[in-house]
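A closer look at the structure
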Amino acid sequence: MKSMPYAEPWRIKMIEPLKTLSRDERMQKIENAEYNLFNLKSEDVFIDLLTDSGTGAMSDRQWSALMQGDESYAGSRSFLALKETVKNLLGFPFMLPTHQGRAAENVLLSALLKEDDYVPGNAHFDTTKGHIEFRKAHAIDCSIDEAGEVRAYHPFKGNIDCKKLEDFIVKVGVNKVPVVILTVTCNTGGGQPVSMQNIKDVSAVCKKYNIPLMFDSARFAENAYFIKQREDGYQDKTIKEIVKEMFNYADAMTMSSKKDGIVNIGGFIGLKDENLYRECTVFNIMFEGFITYGGMSGRDMAALAVGLDEATEFDYLHARISQIEYLGNKLKEAGIPLLEPFGGHAIYVDAKDFLPHIPPTQYPAQVLGVELYIESGVRAVEIGTVLADRDPVTREERVPKMELLRLAIPRRVYTNNHMDMIVWGLQQVWENRKSRTGLRIKYEAPIMRHFTATFEKI
Ligand code: F0G
């Protein structure tokens, strides 16, 4: 018997028209953009998979909450609604709003880090790594070995190897490790989840050495969905119950609300310790804004409170992650090499296997992104050597184990016909893959170069 198909638990009330360009026009546009997809105008993109961040569609409930936003500088009703939601849903009594996720990292890491500290975790996201390295501290990847293998199956590839973690803490000394960061789901590793068991084990190591555990929580709800689907003992729990249990083990969290908050901008910090909260308020006021708005408008906080509630509903998550599986399965059937298992917010194409004739320092995943845009107007993003950037000390290129092109799917935005179009686009590139050539960097910034680098064809 065939299993029941899925369908989105919503219907469409408003649409945004998209424009199509010819292949020749797209070739000109990407040349003008100096082969950096971030330099394209969005109107020249047909399906935008650059990111799932801030690109979701809000619900009618969120739009109506937005209309009732309280824009008071201090003590706004919308702030209190968000604070209540963070407390009830996630279990953090203290909350500071920030304008987005990296701002939350900036505030919290200002309070926690000093020069030459070490911050172990699973693979840190690039802004987190940027904030660590900017403070002349070091980001240490203690992921399980399977995390670096494109097609090694592991249900929780985002897990930390607790032996690596503990050995590292012992090696450098507890005093050099002010925080451990667990990213749920792990974006850099391919949108891969962390199991509840691993969360418990990492927390036990942190408790043993009295080190606070912070969650980078951008996609916490998707992580909870995978726990429900894949981990024994969680099938009958609700997503909200699983989320509460996950955060039970965290001392602090940073959030990019642009992902599992399903809003277009915003972030926050959740804290359990009042002293740390007080330290953070100083930085929040300095960098973000007063503690009851921190860079967000009242209406955005109101919409976020509703978004957090909607993102932790099973039916929503089931439709979202099933759509990503639909895309992944179609690409796999077409023979396109992919990172597996599929991630929670994106499909990652294995550019190393796709374009084996292009060496990492000629940026095969960037080439693949450029060619996909030319063929079909689909914009994806490189997660490979360009993103990995240079070593801050030696300035050598850091060649990562995986060269990936990420197809990030915005929340509640595209239909499966769009997914079919993406498959078609990649098939066009696949058919003439041997004729595609590498890229050379013309300009790069000293940190986080991928956003603004320019390229030329070799
Ligand atoms: N942490 C993770 C895991 C992220 O994926 C991001 C952003 C951030 C922190 C920073 O949050 O953008 O609100 O400042 N990821 C986006 C992406 C940019 O495309 O994956 P932000």
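Predicted model, so just to flag it, every value in this text is computed and none were measured.

So, about the overall build of the protein chain. A count of helical and extended segments in the protein chain gives 16 helices and 14 strands. In terms of overall dimensions, the protein chain is globule-like: its C-alpha atoms have a radius of gyration of 21 Å, near the 23 Å expected for 458 residues. Projected onto its principal axes, the C-alpha positions of the protein chain cover 60 × 55 × 50 Å. Sorting the 458 residues of the protein chain into buried and exposed places 58% on the buried side. Sequence separation of at least 24 residues holds for 73% of the intrachain contacts in the protein chain that already meet a minimum separation of 6. When the accessible surface of the protein chain is split by element, carbon and sulfur atoms take 52% of a total near 19,300 Å². One finds the centroid of the 56 positive side-chain charges in the protein chain at a distance of 1 Å from the centroid of its 63 negative side-chain charges.

Now for the packing of aromatic side chains. This model, assessed by the stated rule, comprises 13 aromatic pairs. The interplanar angle of 75° and the centroid separation of 5.6 Å between the aromatic rings of Phe-92 and Phe-247 together place this pair among those described as edge-to-face. Placement of Phe-92 in the loop between α3 (77–90) and β2 (94–98) and of Phe-247 in helix α9 (residues 239–248) is noted, with a sequence separation of 155 residues between them. Here Phe-92 falls in the buried class, since its relative accessible area comes to 0%.

On to the site of the ligand, then. Around the ligand sit 16 residues in total, of which Thr-51, Arg-102, Asp-216, Ser-256 and Lys-259 are the nearest. With respect to the ligand, the side chain of Lys-259 contributes an N or O atom lying 2.9 Å from a nitrogen atom. The contact in question runs from an oxygen atom of the ligand to an N or O atom on the side chain of Arg-406, over 2.7 Å. Examining the composition of the shell around the ligand, we find that three residues originate from one element, helix α4 (residues 101–112), more than from any other. Looking at the shell around the ligand residue by residue, the class counts come to one nonpolar, eight polar and seven charged.

Looking at the element boundaries, Thr-85 is found in helix α3. For Thr-85, a relative accessible area of 17% gives the class buried. On a C-alpha basis, the gap between Thr-85 and Ala-305 in space is 6.0 Å, while along the polypeptide they are 220 residues apart.

With that settled, consider the side chain of Thr-385. Relative to the helices and strands, Thr-385 is located in helix α15 (residues 385–388). Among the residues examined, Thr-385 registers a relative accessible area of 0% and is labelled buried. Not counting residues up to four positions away in its chain, the partners in contact with Thr-385 are Pro-360, Tyr-363, Glu-397, Arg-398, Val-399, Pro-400, Glu-403 and Arg-449.

Strand pairing within a sheet occurs via backbone hydrogen bonds; the two strands may be parallel or antiparallel. As summarised here, the arrangement of the three strands in space is β9-β12-β11, forming an open sheet in which the pairing is antiparallel. Only two strands of the sheet have a single neighbouring strand rather than two, namely β9 (346–350) and β11 (381–383). Strand-to-strand twist in this sheet, taken as the mean axis angle between neighbours without regard to direction, amounts to 35°. Here β11 runs beside strand β12 (residues 404–408); their pairing, made up of three bridges, is antiparallel. Bridge pairing links Ile-383 to Leu-404 in β12.

Another point: the packing of α3 against α9. Orientation of α3 relative to α9, taken along the N-to-C sense of each, is 90°, at an axis distance of 8 Å. With respect to α9, the axis of α3 lies roughly perpendicular. Contacts between α3 and α9 pair Lys-87, Asn-88, Leu-89 and Leu-90 from the former with Lys-240, Val-243, Lys-244 and Phe-247 from the latter. Split by residue class, the contact of α3 with α9 holds four nonpolar, one polar and three charged.

Quick look at helix α5 (residues 126–134) now. Residue pairs spaced three or four apart in an α-helix point in one direction, given the helix's 3.6 residues per turn. Asp-126, Thr-127, Thr-128, Gly-130, His-131 and Ile-132 are the residues of α5 that are buried. Elements in contact with the buried residues of α5: α4, β3 (118–121), β4 (138–141), β5 (180–183), β6 (213–216) and α15. Phi turns positive, to about 55°, at Lys-136, one or two residues after α5.

Our focus in this paragraph is empty space enclosed by the protein. For the structure on display, the rule yields three cavities of 30 Å³ or more. For the largest cavity, the calculated volume is near 90 Å³. If you go around the largest cavity, the residues you meet are Glu-8, Trp-10, Tyr-316, Ala-319, Arg-320, Gln-323, Pro-410, Arg-411, Arg-412, Val-413 and Tyr-414. Residues that form the lining of the largest cavity fall into these classes: six nonpolar, one polar and four charged. When its volume is computed, the second largest cavity comes out at roughly 80 Å³. Taken together, Asn-36, Leu-37, Phe-38, Leu-50, Gln-366, Ala-380, Val-381, Glu-382, Val-386, His-450 and Phe-455 form the lining of the second largest cavity. Split into classes, the residues belonging to the lining of the second largest cavity amount to seven nonpolar, three polar and one charged.

Below, the discussion takes up unusual backbone geometry. At the junction of Val-184 and Thr-185, the peptide bond is cis and its omega measures out at -20° in the coordinates. As for its position among the elements, Thr-185 is in the loop between β5 and α7 (196–209). For the peptide bond that leads from Glu-340 to Pro-341, omega is -5°, which places it in the cis range. Its place among the elements puts Pro-341 in the loop between α12 (314–333) and β9. Unusually for a residue other than glycine, Lys-136 sits at a positive phi of about 55°. Structurally, Lys-136 is set in the loop between α5 and β4. Owing to a relative accessible area of 53%, Lys-136 belongs among the exposed residues under this scheme.

A separate point is the domain arrangement of the protein chain. As far as domains go, the protein chain holds domain 1 (23–52 + 314–457) and domain 2 (60–311). The gap between the C-alpha centroids of domain 1 and domain 2 is 26 Å. In this assembly, 32 residues from domain 1 lie in contact with 39 residues from domain 2. Where domain 1 packs against domain 2, one counts nine salt bridges. In this structure, Asp-260 engages Arg-411 in a salt bridge whose closest nitrogen and oxygen atoms are separated by 3.2 Å. Here domain 1 and domain 2 share 22 residue pairs in polar contact (both at pLDDT 80 or more) between them. The set of elements that each furnish at least two residues to the side of domain 1 that touches domain 2 consists of α12 and β9.

Conventions and cut-offs
- Residues numbered from 1 in each chain as written.
- Predicted model: local features only at pLDDT ≥ 70, side-chain atom pairs only at ≥ 80, totals over all residues.
- Heavy atoms only, no water.
- Helix = DSSP H or I, 4+ residues; strand = E, 2+ residues; numbered from the N terminus.
- Rg over C-alpha atoms; globule rule 2.2 N^0.38 Å.
- Buried < 20%, exposed > 50% of the residue type's maximum accessible area, 1.4 Å probe, protein only.
- Contact = heavy atoms within 4.5 Å.
- Areas by Shrake-Rupley, 256 points an atom, 1.4 Å probe, with all protein chains shown as cover.
- Lys, Arg positive; Asp, Glu negative; His and termini not counted.
- Charge placed at Lys NZ, Arg CZ, Asp CG, Glu CD.
- Phe/Tyr/Trp six-rings, centres within 6.5 Å; stacked < 30°, edge-to-face > 60°.
- Near = heavy atom within 4 Å.
- Polar contact = N/O pair within 3.5 Å; in protein donor to acceptor, adjacent residues only side chain to side chain.
- Nonpolar A, V, L, I, M, F, W, Y, C, P; charged D, E, K, R; others polar.
- Pairing = 2+ DSSP bridges.
- Axes fitted to C-alpha atoms, helices over the stretch in contact; angles between N-to-C directions.
- Parallel < 35°, antiparallel > 145°, perpendicular 65-115°, else oblique.
- 1 Å grid on protein atoms, 1.4 Å probe; cavity = no way out; pocket = protein on both sides within 12 Å on 5 of 7 lines; lining within 4 Å.
- Points joined across faces, edges and corners; volume = space filled by probe spheres on them.
- Domains from an automatic or database assignment.
- Salt bridge = Lys/Arg side-chain N within 4 Å of Asp/Glu carboxyl O.

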